[in-house]
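Breakdown of the fold
Residues per chain, in single letters:
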Amino acid sequence: MTRYFTKEHEWIQVDGDTATVGITDFAQESLGDITFVELPEAGRAVTAGEAVAVVESVKAASDVYAPLAGTIAEGNAALDAEPELVNTAAETDGWLFKLTLTDAAALGDLLDEAAYKAYIAEL
Amino acid sequence: MRYLPLTPADRTAMLASVGAGTIDDLFADVPADALLSGPVEGLAPHASEMAVERHMARLAGKNLSAGAAPFFLGAGAYKHHIPASVDHLIQRGEFLTAYTPYQPEIAQGTLQVLFEFQTQVARLFGVDVANASMYDGSTACWEAIAMAGRVTRRKKAVLSGGLHPHYVGTAETMAKFTGDVIEARSPVLSAQPDDAEVIAAIDDQTGAVVVQYPDILGRIPDLAAIAAAAHAKGALLVVVVTEPVALGLIEAPGHLGADIVVGEGQSLGVGLNFGGPYLGLFGASEKFLRQMPGRLCGETVDAEGKRGFVLTLSTREQHIRREKATSNICTNAGLCALAFSIHMSLLGGEGLRQLAAVNHDRARQTAERLAQIPGVTVLNDVFVNEFTVVLPADAREAVRSLADKGVLGGVALGRLYPQDKALHAGLLVTATECTTDDDIETLALTLADVLKKGA
């Protein structure tokens, strides 16, 4: 299993043809207290770069994009009752949705951990 | 300090930046025949204040005002009695605040009024949540269509033929810019609303099904059946109420399966006002709360634990979400909402039910009386305070003749549907608590006279 990142501050854990997507610790830190997460419904076909979820904090509401094309397998139901999981466990239990990838080999412009760290160091 | 306006060079630079040659190019959407090309004929270039006042008073004297004649007009704007206390209270200094009085630290009174208003609208419509109001009924209707599109991610709206044609027009205008597909139809002169046709038109691409209740001809569609059909295809049911007083008598749309309920609040507290400003009402199920447009006021507690009010869920709005906001509305019809709320508070739930019952009683009496006129048929089996009669000829001529005799007899359907000849015999008649026995008798006698002369 490899973990990838995007410049939109998402992390993607790819396991076979399933990708688990969340926002990075850096992103949750910047957003502040998260009050609501709007998740996509299972079965929705999405294209890479399409806005599929919204993370609302006390400061802002931010779109989360599908990093790769696929079909939504599930949203993280735990976030309905506990959106603050995205703050406390952004890169583990606070995942947002799982995506069944159309083409598991197409990892596009995803960054690896070192590249993402280098990217945020510049911000 | 002198106010220094823009230099011609500034203007040229700004026009160039948006790709316009002249200032007039910015108004290219205004139809040429609507533009004033020169001085108004018969209007003196200048006159003394006294002369202007006399002239204006003479012109105003030509009007036949709603309060000065037997009045049976409706079709989306209703003449109800507004208690004098409404106007007195809305003019209190505490309410006359600057624009956008939403800061919780200085505007608790205004915010509490909005909260009470929302509570009243939500209870009236039978929905979980209502916003702090929209511009008017037609724009609220469009916002509901757009909201249903966001929820369902579908771009097609099926509109009942019973939806007010001006509301249809507003939706079509907006859809020209958003790419939504508006499937509208004309009403048919029948006692039955077009429920079956609407249900048949709902398909897998339909995001919104829009039904007016009571409809433009005063009929009452079966919302529960339409809601079931809409939900079976994954569409939302939007119900439009142009006469909120009717809800004192018929079941709230939210209790019959409506997902979004919108309406025109003018009936309560606002008055006819020559067509505006009016008051858009907007409510929905709580599960769609985050897709709602407009301001929302919420109850909270302050640092000392005391009850207070704030605008809430602003992350939906334009000043935070920019182009992804649920709507570009960043305000509400505050004064009209206040008037609505005061009138509603004076009535109370029981008062609203009584008011609706009186309205219905007056309308029933009017319908029974008109049905006695040879050649006049009442179309509706069921109605609240507005119904359609069918005349032997174009109702526009009858309305004109009635007005000449000092009777405002109703809204001719030919005025609302000039292209649809099959509707031209239809006359929409409304009665309210303001309608007296004398008014009804005068209408009946004058109409009988007008029709006899026309035959």
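Residues numbered from 1 in each chain as written. Chains lettered and ligands numbered in written order. Predicted model: local features only at pLDDT ≥ 70, side-chain atom pairs only at ≥ 80, totals over all residues. Heavy atoms only, no water.

1. As for the packing of helix H4 (residues 108-125) of chain B against helix H10 (residues 334-370) of chain B
Residues and elements named next belong to chain B. So the rule is basically this: Lines fitted to C-alpha atoms define the axes here, with helix axes fitted over just the stretch in contact, and angles between the N-to-C directions of these axes take values from 0 to 180 degrees. Secondary structure follows DSSP: runs of H or I at least 4 residues long count as helices, runs of E at least 2 residues long count as strands, and numbering of each begins at the N terminus. In this scheme, roughly parallel covers angles under 35 degrees and roughly antiparallel covers those over 145, while 65 to 115 is roughly perpendicular and the rest are oblique. Throughout, a crossing is termed right-handed when the near helix is turned clockwise from the far one, and left-handed when it is turned anticlockwise from it by less than a right angle. Residue contacts are counted whenever heavy atoms from the two residues lie within 4.5 Å of one another. Each residue is assigned to one class: nonpolar for Ala, Val, Leu, Ile, Met, Phe, Trp, Tyr, Cys and Pro, charged for Asp, Glu, Lys and Arg, and polar for all the others, Gly among them.
Axis separation between H4 and H10 bottoms out at 10 Å; the angle between their running directions is 45°. Viewed along their axes, H4 and H10 adopt a mutual orientation that is oblique. The two elements H4 and H10 meet at a crossing, and its hand is left-handed. Contacts from Val113, Glu116, Phe117, Gln120, Val121 and Leu124 of H4 reach H10 at Ala337, Leu338, Phe340, Ser341, Met344, Ser345 and Leu352. When its residues are assigned to classes, the contact of H4 with H10 shows nine nonpolar, three polar and one charged.

2. Considerations on the environment of B:Leu26
Residue and element names in this part refer to chain B. Which entries qualify depends on this criterion: Think of it in three bands: residues with accessible area under 20% of the maximum for their type are buried, residues over 50% are exposed, and the middle band is partly exposed, with areas taken using a 1.4 Å probe on protein chains only.
With respect to the helices and strands, Leu26 occurs in the loop between helix H1 (8-18) and helix H2 (49-61). By relative accessible area, which is 47% here, Leu26 ends up partly exposed. Distance from Leu26 to Ala191, taken between C-alpha atoms, is 47 Å for residues 165 residues apart in sequence. Here Leu26 is in contact with Leu15, Val18 and Ala20, once residues within four sequence places are set aside.

3. Description of the sheet that holds strand S10 (residues 377-378) of chain B
So the rule is basically this: We call two strands paired when DSSP finds no fewer than two bridges between them.
Reading across from one edge, S10-S11-S13-S12 (chain B) is the order of the four strands in this open sheet, with antiparallel pairing throughout. Single-partner strands in this sheet number two, and they are S10 and strand S12 (411-412) of chain B.

4. Here's the deal with the domain arrangement of chain B
Residues and elements named next belong to chain B. Selection criterion: Domain start and stop positions are those given by an automatic or database domain assignment. Here the buried area means the combined drop in accessible surface, using a 1.4 Å probe, for two parts upon being joined, counting both sides. We count a salt bridge whenever a side-chain nitrogen from Lys or Arg sits within 4 Å of a carboxyl oxygen from Asp or Glu. Any N or O atom pair separated by 3.5 Å or less is treated as a polar contact, with the protein-specific requirement of one donor-capable and one acceptor-capable atom, and with residues adjacent in sequence counted only for side-chain atom pairs.
Entries for chain B in the domain assignment read domain 1 (68-81 + 349-454) and domain 2 (84-343). Placing the centre of domain 1 and that of domain 2 at their C-alpha centroids yields a distance of 28 Å. Of the residues lining the interface, 34 residues belong to domain 1; the matching set on domain 2 comes to 33 residues. Carbon and sulfur atoms make up 67% of the area that domain 1 and domain 2 hide from each other, which totals about 2,500 Å². The interface formed by domain 1 and domain 2 holds zero salt bridges in total. Put simply, domain 1 and domain 2 have eight residue pairs in polar contact (both at pLDDT 80 or more) between them.

5. Overview of empty space enclosed by the protein
Residues and elements named next belong to chain B. Applicable threshold: The definitions used throughout rest on a 1 Å grid laid over the protein atoms alone, on which a cavity is an enclosed set of points accommodating a 1.4 Å probe that cannot get out and a pocket is an open set flanked by protein within 12 Å on both sides along at least five of seven lines; lining residues are those having an atom within 4 Å of a point. Grid points are joined across faces, edges and corners, and a volume is the space filled by probe spheres set on the points.
Applying the stated rule across the entire model yields one cavity of 30 Å³ or more. Its volume calculated, the largest cavity comes out at about 50 Å³. Every residue lining the largest cavity is listed: Tyr78, Pro214, Asp215, Gly218, Thr242, Glu243, Val384, Asn385 and Glu386. Considered class by class, the residues forming the lining of the largest cavity number three nonpolar, three polar and three charged.

6. Here we look at the interface of chain B and chain A
Contacts between the two partners involve eight residues from chain B and, on the opposite side, 13 residues from chain A. Surface buried jointly by chain B and chain A totals about 800 Å² across both partners, of which 38% is contributed by carbon and sulfur atoms. Considering only the side of chain B, the residues that lose the most area to chain A are B:Arg153, B:Arg290 and B:Arg321, jointly responsible for 61% of the buried surface there. Taken together, the connections running from chain B to chain A amount to two salt bridges.

7. Observations regarding the environment of B:Met174
Residues and elements named next belong to chain B. In this structure, Met174 sits in helix H6 (residues 165-178). Taking relative accessible area as the criterion, Met174 reaches 35% and is therefore assigned partly exposed. Once the C-alpha coordinates of Met174 and Leu428 are considered, the two residues, 254 residues apart in sequence, prove to be 27 Å apart.

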